[in-house]
Amino acid sequence: MKNIGLVCLLLVSICCGLQAKKIVKVPYFMACNTRSIEVEQVTLGKDTTWLAVRLYGMQGDRVRIDSTAVLRASGKDYGYLGNTGFARDEWTHIPASGEMTAVLKFSPLPMDTESFDFVETPDSDEGWVIYGIQLNGEKPRVDIPERLRNKKPDEVLPLPGPELNMGKTVIKGQILGYKPEYGVTLRYYDSPWFFMYFTGKDLKIAEDGTFRYETEVLLPSGATLWISRSKIELFLVPGGELDVTINLPEIFYSQSRLLSRKRDGVTDNCVWFEGDYAGLNTELLRFGEMKSLSGADDFYADICGMTPQAYKKYLFRHYEDMQKKLVKNKDMSQACRTYIRANLDMNLFSLIYNYKSNLSYAPMLSGRKGVKRADMTVDSTSYFKEILQLDILHTPEQKYYNYYTDFVKTATGNFRDKFVQDPLWPDMLLAGRASRNLSKYMPLTEEERRTVDSIASPDLRQLFLMRNGRIEAELKSELEATKGKTGYKIVEVEKEVAADSLLQVITRPYRGKMVLVDMWNTWCGPCMRAMKSLKPLKEELKEVVYLYIVDETSPEGKWKVMIPDIPGIHCRISNEQSTALAKLYEYPGIPTYFVVNREGDISYKATGFPGVEMLRNELTK
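Residues numbered from 1 in each chain as written. Predicted model: local features only at pLDDT ≥ 70, side-chain atom pairs only at ≥ 80, totals over all residues. Heavy atoms only, no water.

An unreviewed UniProt entry lists the protein chain under the name Thioredoxin domain-containing protein, with Bacteroides uniformis as the source organism. Per its UniProt entry, the protein chain bears the Subcellular location (unreviewed entry) comment "Cell envelope". (UniProt positions renumbered as here; feature names shortened; annotations may be inferred.)

Right, dumping it as structure tokens:
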């Protein structure tokens, strides 16, 4: 299919050339919301504008371009006319190569157009968007502050010891080239000792791209910032301040498959650090990926179908290669080398100890289907022998490892007889039991508070109490801001209501009206994006009842903060009711939508956002 696509691209390019006035190959752009589509060539003709694109994904992924797609320039939209490469409005499967080509046709842009946006679904936040596609062949430049131009790397200070010393730390900075309409998010992930939460914390970004966040840090340790699917490794110290400046267009260019070929080895800085341990943070930009053996994109594809023994050999082979690189690398400071080596050794221990789950989930995480699972039986004594001999397991440097608490559970559980018990470990186990709500940015429960009070370590206890105080203050402020907001209503649902009558009970008061039931949760990003897309429809179909249902995985305080900005009827059901409902109606996840007709019957169901037009059609029947 790839070869056919290339032939089509060549033929269309020739045809385009017959009336072309302007051709730009691999144009630069300002921002995008996807890595699944890239523009290989723009051809401006008298009657048509062509976009030669490459689409990327896993084998079997389905792709299409929505018929509402437009090119947007100077406030005007130029409509989609069709394509060469796959059927219009129909799903096409990505081939085994993981990429395919197509040529998209649009109404003609003016010949003097300097830049334009590609917007797949103008009335929705769900589609692909590429902002500021440049037609002058030049790379856009951001205004880099004078102090950062030609900035030399900071001196790398000696690595501070891994001793507990609880304190507040400030992370601040600016995203250069940022515009609010780009929809860029900046997400912060703590060191996962206690507060690992898979959604992270979205940091507030001001209109000028500046941000500031204050957090609690227990000991010198790692954390991460994620921006546009780019990971920025951080090294934080208690009581420190780290200033991070991010070159947003360069972040996007570093992710682009096509632009990476165009860069000719010359790159602009993506990130600058200033403040505490800026030198070490700068080194981690280059070497941070060496902390992990599983960080490569092809790791889970490589281990698919492996036996435990083959998996173990694979890991040790890569571990030994990484060790050699660490030894040979003369550009790396001793502080960086020690920090990376500690994390690498602990990562090896974790990957081998958790062999069963890693091998079991590999097919799903890699997208490879039909892989036969190997026999997972091992002799524990011989299988774990090498990792139990790692020097790191008997040194304080093991505390630099972000997942040290997982090791403590192992060292005090299955391997209890293999280690001298650290005096801190009992407190860490207690702290782990008290961390569930704080991980979700919710206050401690009464039971968790009593557990915290029983922790002997003053630093650990202070960490929990300070974080709890900050979160309580944030929630109080957010709840105050919701006062006076109208347009929403909370209804109670008894926990005794069975799944087979739950929707009927909740929707009974609205007989005679069409009801859209939205199954969502506060932690569900796609749910929130879909809600934003549905705002125009809600304004149009005011006679429809909009009913929103979450379960107990949505923290109640966070839910109450969010729903005043979501007009409609809101209710919260138990986890048991949620599980039973999903089983009864056979939906695998959220968002899931039900349309309940005027007679109270379910007339439509969809998991995943089906699009504004589909829901409009179902709600106006």
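*Asks:* Describe the packing of helix α14 (residues 446-453) against helix α15 (residues 458-482), naming the residues involved and giving the relevant values.
*Replies:* For the pair α14 and α15, the least separation of the axes is 9 Å and the interaxial angle reads 150 degrees. By the angle between their directions, the pair α14 and α15 is classed as roughly antiparallel. Handedness of the crossing formed by α14 with α15: left-handed. Taking contact as the criterion, the partners of Arg449, Val452 and Asp453 in α14 are, on α15, Arg461, Phe464, Leu465, Asn468 and Glu472. (Axes fitted to C-alpha atoms, helices over the stretch in contact; angles between N-to-C directions. Helix = DSSP H or I, 4+ residues; strand = E, 2+ residues; numbered from the N terminus. Parallel < 35°, antiparallel > 145°, perpendicular 65-115°, else oblique. Left-handed = near helix turned anticlockwise from the far one by under 90°. Contact = heavy atoms within 4.5 Å.)

*Asks:* Would you mind going over helix α6 (residues 308-328) in detail, with residue names and values included?
*Replies:* Counted at 1.5 Å a residue, the expected span for α6 with its 21 residues is 30 Å, and the 30 Å between its end C-alpha atoms agrees. Where α6 is concerned, the buried positions are Pro308, Tyr311, Lys312, Tyr314, Leu315, Phe316, Tyr319, Met322 and Leu326. Tucked inside the fold, the buried residues of α6 contact α5 (299-303), α7 (334-353), α8 (355-366), α9 (380-383) and α10 (385-388). (Expected span 1.5 Å × (residues − 1). Buried < 20%, exposed > 50% of the residue type's maximum accessible area, 1.4 Å probe, protein only.)

*Asks:* Could you give an account of the domain arrangement of the protein chain, naming the residues involved and the relevant values?
*Replies:* Domain assignment breaks the protein chain into domain 1 (22-134), domain 2 (146-291), domain 3 (298-478) and domain 4 (488-620). Contact residues are listed per partner, giving 40 residues for domain 2 and 43 residues for domain 3. Each partner contributes to the roughly 3700 Å² buried at the junction of domain 2 and domain 3, and carbon and sulfur atoms together form 66% of this total. For the interface between domain 2 and domain 3, the tally reads 15 residue pairs in polar contact (both at pLDDT 80 or more). With five residues, the single largest contributor to the side of domain 2 that touches domain 3 is helix α4 (residues 278-287). (Domains from an automatic or database assignment. Buried area = accessible area lost by both parts, 1.4 Å probe. Polar contact = N/O pair within 3.5 Å; in protein donor to acceptor, adjacent residues only side chain to side chain.)

*Asks:* I'd like to hear about a nonpolar patch on the surface, residue by residue, with values.
*Replies:* A cluster of nonpolar side chains, contributed by Tyr361, Met364 and Leu365, occupies part of the molecular surface with about 350 Å² of accessible area. You can see Met364 is positioned in helix α8. (Patch = residues over 30% accessible without salt bridge, like charges linked within 9 Å, V, L, I, M, F, W, Y side chains within 5 Å. Areas by Shrake-Rupley, 256 points an atom, 1.4 Å probe, with all protein chains shown as cover. Salt bridge = Lys/Arg side-chain N within 4 Å of Asp/Glu carboxyl O.)

*Asks:* Give me the lowdown on the sheet that holds strand β12 (residues 167-176), citing residues and values where you can.
*Replies:* One open sheet holds the four strands; their spatial order is β15-β12-β18-β19, and the pairing between them is mixed. Looking at the sheet topology across the chains shown, the edges are occupied by β15 (210-217) and β19 (271-275). Strand after strand, the sheet turns through a mean of 20 degrees between neighbouring axes, direction not considered. Across seven bridges, β12 lies against strand β18 (residues 241-247) in parallel orientation. Bridge pairing links Leu176 to Asn247 in β18. Along the sheet, helix α2 (residues 248-255) contacts β12, β18 and β19; its crossing angle with β18, the most-contacted strand, is approximately 65 degrees. Along the sheet, α4 contacts β18 and β19; its crossing angle with β19, the most-contacted strand, is approximately 160 degrees. (Pairing = 2+ DSSP bridges.)

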